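Report on the structure
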Amino acid sequence: LIVLDTDIVLVRNVHELYDEFDRFGPEAVVGIANEQTTVYSPMVGKNGGVQLLHIARMRTSDAYARALDTIASGRYDKWIGFLGDQTLYTFLAHDFSSLTHQLPCHWNR
């Protein structure tokens, strides 16, 4: 599943974005580009404007389910806050990196 913010304008062929699924590691469930601000410093933040979601893996991945439980339960001592999905993806990429795929920055400038 490809999720795009409503303000995204694609200047490349969407097939190139879809091809990023083929570059996912064996455990990756989310493809996401870096945030271009320092809002998550010292972590490298992720931007939710362009998301590749491997839905089949999300449904079956025990590692993803455990990561979500860890983050959502509050045991993580970090909170999702007002940036929602971006913060979740930032935490996943930082502490559960095998679950994420780094999209090239040209997909979300």
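Our subject in this report is the structure included herewith. (Residues numbered from 1 in each chain as written. Predicted model: local features only at pLDDT ≥ 70, side-chain atom pairs only at ≥ 80, totals over all residues. Heavy atoms only, no water.)

This part is about the sheet that holds strand β3 (residues 46-53). The strands making up a sheet associate through hydrogen bonds between their backbones, and the pairing can be parallel or antiparallel. Taken together, the 4 strands give an open sheet; going across it, the order is β1-β3-β2-β4, and neighbouring strands pair in mixed fashion. In the strand order of this sheet, the two ends are held by β1 (2-4) and β4 (100-102), each with one partner. Sheet twist, expressed as the average angle between the axes of neighbouring strands with direction ignored, equals 30 degrees. The sheet strands contacting helix α4 (residues 85-95) are β2 (30-34), β3 and β4, and the helix crosses β3 at an angle near 80 degrees. (Pairing = 2+ DSSP bridges. Helix = DSSP H or I, 4+ residues; strand = E, 2+ residues; numbered from the N terminus. Axes fitted to C-alpha atoms, helices over the stretch in contact; angles between N-to-C directions. Contact = heavy atoms within 4.5 Å.)

Further remarks concern the environment of T87. The residue T87 is located in helix α4 in this model. Overall, the relative accessible area of 4% leaves T87 in the buried class. Residues T87 and V39, 48 residues apart in the sequence, show an inter-C-alpha distance of 10.0 Å. A polar atom in the side chain of T87 sits 3.0 Å from the side chain of Y40. (Buried < 20%, exposed > 50% of the residue type's maximum accessible area, 1.4 Å probe, protein only. Polar contact = N/O pair within 3.5 Å; in protein donor to acceptor, adjacent residues only side chain to side chain.)

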